[in-house]
Amino acid sequence: MKKKITMLMISLVLVLSVLGGCSSKSEETSTDGKTTIEVWAMGDEGKRLSGVVKDFEAKNPKIKLKVTAIPWDSAHDKLVTAAAAKEGPDVIQLGSSWVTEFAAAGGLLDLSKYDKSEDYPNINSDKFFTGASEGSKYDGNLYSVPWYVETRVLYYRSDLLAQVGYKEAPKTQAELKDAAEKLVKLGGKDHYGIDLAITDPMYPQVFSWQNGVDLIDSKNRKANFNDAKAISSMEYYASFFKEGLAAGPDVQIDITQAFADGIKPMYISGPWMINIMNDAKATTGEFEWNIAPLPAGDTDNTSYLGGAGLSVSAYSDNPEEALTFINYMADPEVQVNWYKTANGLPAVTSAWEDPSLADDKILSVFREQLDHAKVPPMIVELESIKQNIIKMVEDVVVGGADVKSEMKKLEQTAQEILDGK
Amino acid sequence: MKFRFFSNRPYMIFILPALIILSVFSIFPIFVALGVSLTDMNLIGLLNWNQVQFVGFENYMDLLADKEFRQAFFNTIFYVVFGVPLVVVASLGVALLLDYGKNKFFTAARALFYMPSVTTSVAIAVVFGYLYNNHYGLFNYVLSLFDLPKVPWLTHPIIAKISLILMAAWKSIGFNMIIFLAALQGIPKDYYEAAEIDGAKKWQKLLYIKVPLLGFATFFVASTTLIGWFQFFEEPMIMTKGGPVGSTNSIALFIYDKGFKLSEFGYAAAGSFVLFLIILALTLIQFKLRKKDNGYN
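Residues numbered from 1 in each chain as written. Chains lettered and ligands numbered in written order. Predicted model: local features only at pLDDT ≥ 70, side-chain atom pairs only at ≥ 80, totals over all residues. Heavy atoms only, no water.

A. Molecular detail of the overall build of chain A. Scanning chain A from N- to C-terminus turns up 18 helices and 14 strands. Counting only C-alpha atoms, chain A reaches 85 × 55 × 45 Å along its principal axes. Looking at the 421 residues of chain A, the share that counts as buried comes to 53%. Accessible surface, chain A as shown: approximately 19,200 Å² in total, 51% of it carbon and sulfur. Averaging the coordinates of the 43 positive side-chain charges in chain A and doing the same for the 62 negative ones gives two points 4 Å apart. (Helix = DSSP H or I, 4+ residues; strand = E, 2+ residues; numbered from the N terminus. Buried < 20%, exposed > 50% of the residue type's maximum accessible area, 1.4 Å probe, protein only. Areas by Shrake-Rupley, 256 points an atom, 1.4 Å probe, with all protein chains shown as cover. Lys, Arg positive; Asp, Glu negative; His and termini not counted. Charge placed at Lys NZ, Arg CZ, Asp CG, Glu CD.)

B. Quick look at the environment of B:Glu235. Residue and element names in this part refer to chain B. Mapped onto the fold, Glu 235 is located in helix α13 (residues 234–239). Sequence separation between Glu 235 and Val 126 is 109 residues, and the spatial gap between their C-alpha atoms is 9.3 Å. Those residues in contact with Glu 235 that lie beyond four places of it in its chain are Ser 121, Leu 164, Met 167, Ala 168, Lys 171 and Thr 240. (Contact = heavy atoms within 4.5 Å.)

C. Expanded view of the UniProt feature "transmembrane region" (unreviewed entry) in chain B. Residues and elements named next belong to chain B. Here the UniProt-annotated "transmembrane region" (unreviewed entry) positions come out as residues 12–38, 77–100, 112–132, 158–184, 211–232 and 265–285. The span residues 12–38 is 96% helix and 0% strand, and its two end C-alpha atoms sit 35 Å from each other. Strand forms 0% of residues 211–232 and helix 86%; the C-alpha atoms that close the span are 28 Å apart. (UniProt positions renumbered as here; feature names shortened; annotations may be inferred.)

D. Local environment of helix α18 (residues 403–418) of chain A. All names here are of chain A. Over its 16 residues, α18 runs 22 Å from end to end, which matches the ideal 22 Å to within 8%, given 1.5 Å per residue. Buried residues along α18 sit in contact with β8 (216–217), β9 (222–223), α10 (228–242) and α17 (382–397). Immediately downstream of α18, the backbone of Gly 420 shows phi near 75 degrees, a positive value. (Expected span 1.5 Å × (residues − 1).)

E. Structural view of the interface of chain A and chain B. Each partner contributes residues to the interface: chain A has 32 residues there, and chain B has 24 residues. A:Lys391 is the partner of B:Glu68 in a salt bridge, and the nearest nitrogen-oxygen pair spans 3.2 Å. Linking chain A to chain B there are four residue pairs in polar contact (both at pLDDT 80 or more). The set of elements that each furnish at least two residues to the side of chain A that touches chain B consists of α1 (2–23), α4 (72–84), α5 (96–104) and α17 of chain A. Per-element accounting of the side of chain A that touches chain B gives the leading share, six residues, to α17(A). In terms of residue class, the side of chain A that touches chain B is built from 14 nonpolar, eight polar and ten charged. (Salt bridge = Lys/Arg side-chain N within 4 Å of Asp/Glu carboxyl O. Polar contact = N/O pair within 3.5 Å; in protein donor to acceptor, adjacent residues only side chain to side chain. Nonpolar A, V, L, I, M, F, W, Y, C, P; charged D, E, K, R; others polar.)

F. Fine view of the pairing of strand β3 (residues 91–94) of chain A. All names here are of chain A. By the alternation rule, side chains of β3 split into Val 91 and Gln 93 and Ile 92 and Leu 94, which are all buried. Examined bridge by bridge, strand β1 (residues 35–42) and β3 share two bridges and lie parallel to one another. The residue of β3 that forms the bridge with Trp 40 is Ile 92. Where β3 meets strand β12 (residues 303–312), four bridges bridge the pair, whose relative direction is antiparallel. Residue Ile 92 lies in a different strand from β12, and its bridge partner there is Ser 311. (Pairing = 2+ DSSP bridges.)

G. Representation of the pattern of salt bridges. For the structure on display, the rule yields 20 salt bridges over all chains. The closest approach of N and O atoms between A:Glu288 and A:Lys281, which form a salt bridge, is 3.5 Å. Judged by its relative accessible area of 39%, A:Glu288 is partly exposed. Note that A:Lys409 is salt-bridged to A:Glu406, the shortest N-O span being 3.1 Å. Of this pair, A:Lys409 and A:Glu406 are both found in helix α18, three residues apart, which corresponds to roughly one turn of the helix. Given the relative accessible area of 11%, A:Glu406 is considered buried. One network of salt bridges, with partners in common, ties together A:Lys391, B:Glu68 and B:Lys258.

H. Layout of the domain arrangement of chain A. Residue and element names in this part refer to chain A. As assigned here, chain A comprises domain 1 (32–150 + 305–374) and domain 2 (153–304 + 378–418). One C-alpha centre belongs to domain 1, the other to domain 2; they are set 29 Å apart. Counting from both sides, the interface comprises 23 residues of domain 1 and, opposite them, 23 residues of domain 2. Counting each side, the surface lost to burial between domain 1 and domain 2 is near 1,800 Å², with a carbon and sulfur contribution of 69%. In terms of surface lost to domain 2, no three residues of domain 1 exceed Phe 366, Gln 369 and Lys 374, which account for 32% of the buried area on that side. Joining domain 1 to domain 2, the criterion identifies zero salt bridges. At the junction of domain 1 and domain 2, the tally comes to four residue pairs in polar contact (both at pLDDT 80 or more). Mapped by element, the contributors of at least two residues to the side of domain 1 that touches domain 2 are α5, β4 (137–138), β12, α16 (361–370) and β14 (373–374). Ranked by residues supplied to the side of domain 1 that touches domain 2, first place goes to α16 with six residues. (Domains from an automatic or database assignment. Buried area = accessible area lost by both parts, 1.4 Å probe.)

I. Summary view of the side chain of A:Ser316. Residues and elements named next belong to chain A. Within the secondary structure layout, Ser 316 lies in the loop between β12 and α13 (319–329). Among the polar contacts listed, one links the side chain of Ser 316 to the side chain of Asp 90, at a separation of 2.7 Å. For Ser 316, the side chain forms a polar contact with the main-chain nitrogen of Asn 318, separated by 3.2 Å.

J. Broad picture of a nonpolar patch on the surface. All names here are of chain B. On the surface, a cluster of nonpolar side chains totalling about 630 Å² of accessible area is made up of Leu 138, Tyr 141, Val 142, Leu 145, Phe 146 and Leu 148. If you trace the backbone, Leu 145 turns up in helix α8 (residues 138–145). Under the relative-accessibility criterion, Leu 145 is labelled exposed at 54%. (Patch = residues over 30% accessible without salt bridge, like charges linked within 9 Å, V, L, I, M, F, W, Y side chains within 5 Å.)

K. Representation of the sheet that holds strand β11 (residues 290–292) of chain A. Residue and element names in this part refer to chain A. Taken in spatial order, the three strands line up as β10-β7-β11 in an open sheet, and their pairing is antiparallel. Lying at the two open borders of the sheet, with one neighbouring strand each, are β10 (266–269) and β11. The average undirected angle you get between the axes of adjacent strands in this sheet is 30 degrees. Alignment of strand β7 (residues 153–156) against β11, held across three bridges, turns out to be antiparallel. Within β11, the residue paired with Tyr 155 across the bridge is Ile 291. (Axes fitted to C-alpha atoms, helices over the stretch in contact; angles between N-to-C directions.)

L. Representation of the packing of aromatic side chains within the structure. Applying the stated criterion to the full structure yields 34 aromatic pairs over all chains. Judged by centre distance (5.8 Å) and plane angle (80 degrees), the rings of A:Tyr114 and A:Tyr120 are edge-to-face. Judged by relative accessible area, which is 15%, A:Tyr114 ranks as buried. An aromatic cluster is built from A:Tyr203, A:Phe207, A:Tyr236, A:Tyr237, A:Phe240 and A:Phe241, whose rings are joined through pairwise contacts. In this structure, B:Lys161 packs its charged tip against the face of B:Phe78, placed 5.5 Å from the ring centre. (Phe/Tyr/Trp six-rings, centres within 6.5 Å; stacked < 30°, edge-to-face > 60°. Lys NZ or Arg CZ within 6 Å of the ring centre and 35° of its normal.)

Take a look at the structure:
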C-alpha cells in the first residue's frame, strides 16, 4: 500500500512538472541562428499581417517573424496578463489610449533615442501625420511608431442634400445644423438630420476642438469643461437631440439601413464605412452618397484621429530586431502595400503620393482631413473621464439636465480625477 | 511516518485532487482578492509591486459613497427579487406539466425547454437584441399588428431591466426544470396510492404531496438561482452595456468595468468581495431556514 502511494505521489509530481514546463519561456533563438520576434496584432489586422511575413523575412534573413492575431474583445485582458507576467510578445499593436496606459505602467520600451536614428531611418516622427505622432508619445517620450491611421469625416446623402439646396456638403457648424433641420423637414415623421451617437464621447470633444478649446488640457492637467466655448459646443451638440435633428438612444436602426432609407441622411465616421456604403448602394438600390471633411467651427474643422502604432515591450529580449520590424512596417512602400491588403490608411505622409491613394477621390477627402485631426489627450485618466462625459451626455439628452450646471459639475469631477483625488 | 495520514485515511487520496484544485483556484483567490481589495493596485502597481500601497478600507468606503455602485446594487436587488421567484415558479410549473405524460410529445417538449440552457448566453443575447429592437424587432412588430404602441424594450430604465429578466429567466428554466422533474420522479408511488384511497383529487395530490416533497429540490433551485442572479453579468454586458443611464448595470458588470476597463484592480476587488459577502450571507440564511423545515421526511 505504502509503495503504491509513493508511486502515486511520484507520478503526480511528474505530471505537475510537465505542466509547469509548458508555461516556461520558449526558446528565443532557434538552432539555425535566427532570432524569433513575436508580434501581437489585433482583430482583422492581426489576421492580415501574416501576409507580410514572407517579404519581411526575405529582406531580413536573420529574423523569424511570429505573428499572433488577437481578437479585440480579449486584447486588453491578454496584454495586462502578459505585462503582469513580464512576458509576452516583442512587438505589440496599440491604439493611442493603450499606449498611454501601458507606457505609464512601464510596460513599453522608451523609443525616444531611436527617433531619427540612422539605424532605423523610417522611425522618424516628422514623417508621420502630426496627430499620429502625438498619439505615440506619452509624457514627452516616444513609445510607439504609427502604423496606420483613420479619421472621421462627414458621410452624406448628396441627392437629399441637393434637394434642400446644398449642392456641396455643409462647411460650418451652423450650416450643418441648418442642413439637418431642412433634411428633417424634407423627410417628415421619424426622420432625422444626422446621426450622433450619445454613447461616443468623441462628439463633444470634436465640436469643442473646432471651437478652439481642449476639454482636457493634458500639458497642464486641467479640465476645461466649464469654459464658455466648451459649454456652447456642448449646447450645440445637445441641441441636435433636443430639436429632434438627431435620434436619441431609443431609436435603434442600423446606420447603413437608416442612411440608405434617408432616415439618417448624414453621419460622421471613418474609412471602414467606404466599402459598406458601396455595398449598400449596390444591394439596396438608388441613392447617392459622398463624403466631405467635417464642417468647421469658429477655429477650424478638426476631427478625431485614430489608428494604431507598433510598440516594443519593455520585457522584449530582442528590442533591436523588434525595431527592425517596426522600421520595416513604417517604410512608405510597405505602408502602401498594407493599404492594398488591409485598407489601413498609411500613417506616413509620403506614402500618400502613391497613385493608388493620391488618385482616389474618396481617399483624398481623408487625406485632407488627416492634416486637421487630433488624438484624444494622452493621459492615463482619459478612460474614466470619458465614462463621465458619456454619463453627462446621457443625463442631458435622456434626462433633460441643464448643460451649464452639468458642465460645471463635470469640470469638478474631471479635475478631481486629474488631481488623483 | 510521512504517509501515515494517508494510509489511515485512504479516502483522502481520492478527494485530494479535488481539494488541491479547489484550494488553488477558488479558496486561495478569495484571500488574494481580500488582500488586493485593501490596496490601490492598478496596472502600474501590477507591473511594479513596490508602487502598490496599502490603503486599508478606503476602497470599501469609496464603494459606499459611489453612486454608480449603489445604483448597480439596487439594480441587482431588483433582478434578484423579480428574477428568482419567476425562475422557481416557472420551472416548477413547466416540470409539473411535463410530468403528466410520458409520450413522444412530452419528451420533445422536454428537449425544447432544455434547449436554451445549452445555448451560450452570448448567442441568446444577440438574438434577443434583435427581437427587442425598437424598429426591426419581432416583439414590436407583433404589437404593431394589433395597433399597439412600440415598447422601448431596452431603452427605458425599468422596462430594460424587465426585458433582461425575462430573457435570463427563459434561459434558465430548462436546467431547473430537469432538477424538478428528477425530484418528481423520485417521489414514491405509495403516497399517491394512499391519497387516492383517501379520495384525494388531482389538485390535492399536487398541493399536499408533490409540492411539499419537492422541498429540497426547490431549496436547491432557489439557492443556485439566487447566486446566479446576484452574479447577473452577460445579459446586461452584451445587450445594454449597463445603460440606459446605468439602469441595467449589475454589481458584476460594475466590477468588470472597474477591473478590466479601467484597470482599478483594488477597487474592483473590493467590489467583488462585497458581492461575495452578500452571497455568502444569503446562502447561509437559506441553509438556516432549510434546517427548520424538513418536509414530510
